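# Chains, contacts and geometry: an overview
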Amino acid sequence: MSGATAAQAHPDRAPQALLTVSNLESYYGPIMAIRGCSLEVREGQIATVLGANGAGKTTLMKTISGVMDPEKGQIVYRGENIAGASPDSIVRKGIVHVPEGREVFPLLTVEENLRMGAFTRSDAGEVRRDEEMVFSYFPILAERRRQAAGTLSGGQQQMLAIGRGLMARPTLMLLDEPSLGLSPLLVKEIFKIIRRLNREQKVTMLLVEQNAKVALEVADYGYVMELGRIVMADDAKRLLQSKDVQEFYLGVQQETQRGQKRWKQKKTWR
Ligand SMILES: Nc1ncnc2c1ncn2[C@@H]1O[C@H](COP(=O)(O)OP(=O)(O)OP(=O)(O)O)[C@@H](O)[C@H]1O
Ligand SMILES: [Mg+2]
């Protein structure tokens, strides 16, 4: 569904798909968390996957980055099926995962955390230059470079998690709920930087979010996930205008069609 929809949405000027996920299924033991998920991320764009708690967003990210193996389906990155490949080989191919909950190493300094992100690289001079590039986007991290990451605020830890991801020189960055637990002002700041990184550093992004408004404002293309499947796909601007998305995700009340779709009934928005 998503492939065809995406192609129709961008007829001529369509950039190539960098990542195409088709009919993906992933399990936790007997629990099927991803149930035939298909989507694509186009080169140079920001794609977002919206979904309520438990929709399967994090599981999708873990399956793409190789932390979990899918049971079925394909993950084609630059023409190669990477489904089931090891996490470090996937990083080497250019896909970096910034996990949910900004898992920085709390006892290591900011600088040491950034160097951990460059573990696949041996070009020391370039690594130092990229560190300065990260500091230019996140000046507060430069000020705190020798401070233990555990002493940073939540927003600063999120910046460090993104910065650490950048140190691998990714082509595609998977961002899992960067807005989680941050104040609206910080969310705005971080999303502005995400957009700049996409434009200036040419990092293609797949962003999963519960915060539909900020995600759709920054993204080019959007998907809605429910129970491990994609149930809507469209240009981000059109999704932002869609009645279903407005009602369910943006808290805009509509008079008609209440509760007709299952994904509308499911979740209470935070
Ligand atoms: N470690 C686990 N063991 C068993 N089931 C799990 C595990 N992690 C997630 N699940 C289940 O898999 C489904 C998808 O969860 P997932 O964490 O991918 O959702 P999510 O969309 O990221 O949710 P959230 O917005 O809360 O982060 C849910 O039903 C969840 O309960
Ligand atoms: Mg999650």
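Below, the structure is looked at part by part. Being a predicted model, the structure only gives us computed values, none of them experimental.

## A look at the overall build of the protein chain
Each helix and strand counted, the protein chain has 12 helices and 10 strands in total. Counting all 270 residues of the protein chain, 45% fall into the buried class. Excluding contacts between residues fewer than 6 apart, the proportion of contacts in the protein chain whose partners are at least 24 apart in sequence is 68%.

## Comments concerning helix H2 (residues 57–64)
Of all 8 residues that make up H2, 7 are buried, and the element is covered over most of its length. What H2 keeps buried is the set Lys57, Thr59, Leu60, Met61, Lys62, Thr63 and Ile64. Looking one or two places after H2, you find Gly66, whose phi comes out positive at around 90 degrees.

## A look at the sheet that holds strand E3 (residues 46–51)
Pairing is mixed across the open sheet formed by 6 strands, whose spatial order is E6-E7-E8-E3-E9-E10. Of all the strands in the sheet, the pair left with one neighbour each is strand E6 (95–98) and strand E10 (229–235). Taking each pair of neighbouring strands and ignoring which way they run, the sheet shows an average axis angle of 15 degrees. Sheet topology places E3 next to strand E9 (residues 221–226); 5 bridges connect them, and they run parallel. Following the sheet pairing, Gly51 is matched in E9 by Met225.

## Quick word on the site of ligand 1
Around ligand 1, the surrounding shell holds 13 residues, and the nearest of these are Tyr28, Ala33, Lys57, Thr58 and Thr59. Put simply, the parts of the chain that give the shell around ligand 1 at least two residues each are strand E2 (31–42) and H2. Looking at which element gives the most residues to the shell around ligand 1, the answer is H2, with 3 residues. Considered class by class, the residues forming the shell around ligand 1 number 4 nonpolar, 7 polar and 2 charged.

## Considering the environment of Leu240
With respect to the secondary-structure elements, Leu240 resides in helix H10 (residues 236–241). With 19 C-beta atoms packed within 10 Å, Leu240 lands in the partly exposed category. On a C-alpha basis, the gap between Leu240 and Val214 in space is 9.9 Å, while along the polypeptide they are 26 residues apart. Discounting chain neighbours no more than four positions away, the residues touching Leu240 are Leu216 and Val245.

## Topic: the sheet that holds E2
Sheet strands pair by backbone hydrogen bonding; their relative direction is either parallel or antiparallel. Strand order in the open sheet made by the 4 strands is E2-E1-E4-E5, with antiparallel pairing throughout. Every interior strand has two partners, whereas the edge strands, E2 and strand E5 (80–81), have only one. Direction of pairing for strand E1 (residues 17–28) relative to strand E4 (residues 72–77): antiparallel, over a ladder of 5 bridges. Following the sheet pairing, Thr20 is matched in E4 by Val76. Contacts from H2 reach E1, E2 and E4 within the one sheet, and its direction differs from that of E2 by about 70 degrees.

## Points about unusual backbone geometry
Positive phi, normally seen in glycine, also occurs at Glu177, with a value near 45 degrees. Within the fold, Glu177 resides in the loop between strand E7 (172–176) and helix H8 (184–200). One non-glycine residue, Leu227, adopts positive backbone phi at about 45 degrees. Locating Leu227 in the fold gives a position in the loop between E9 and E10. The class of Leu227 is partly exposed, set by 17 C-beta atoms lying within 10 Å.

## What about the pairing of E9?
Of all 6 residues in E9, 6 are buried; the element is thus mostly enclosed. Burial of E9 is two-sided: the residues Tyr221, Tyr223 and Met225 facing one way and the residues Gly222, Val224 and Glu226 facing the other way are all buried. Inspection of the sheet shows E9 paired to E10 by 6 bridges, in the antiparallel sense. Opposite Met225, over in E10, you have Ile230 as the bridge partner.

## Here we look at helix H4 (residues 110–117)
Taken together, the buried positions of H4 are Val110, Asn113, Leu114 and Gly117. Buried residues of H4, seen end-on, are gathered within an arc of 100 degrees and therefore sit on one face of the element.

## Regarding the pairing of E3
Taken across its 6 residues, E3 has 6 buried, putting it largely inside the fold. Burial along E3 is two-sided: Ile46, Thr48 and Leu50 facing one way and Ala47, Val49 and Gly51 facing the other are all buried. Here E3 runs beside strand E8 (residues 204–209); their pairing, made up of 5 bridges, is parallel. Residue pairing across strands places Ile46 opposite Met205, the latter belonging to E8.

The rules we used
Residues numbered from 1 in each chain as written. Chains lettered and ligands numbered in written order. Predicted model: local features only at pLDDT ≥ 70, side-chain atom pairs only at ≥ 80, totals over all residues. Helix = DSSP H or I, 4+ residues; strand = E, 2+ residues; numbered from the N terminus. Buried ≥ 20, exposed ≤ 12 C-beta atoms within 10 Å, placed from the backbone. Contact = placed C-beta atoms within 7 Å. Pairing = 2+ DSSP bridges. Axes fitted to C-alpha atoms, helices over the stretch in contact; angles between N-to-C directions. Near = placed C-beta within 6 Å. Nonpolar A, V, L, I, M, F, W, Y, C, P; charged D, E, K, R; others polar. Arc of directions from axis to C-beta.

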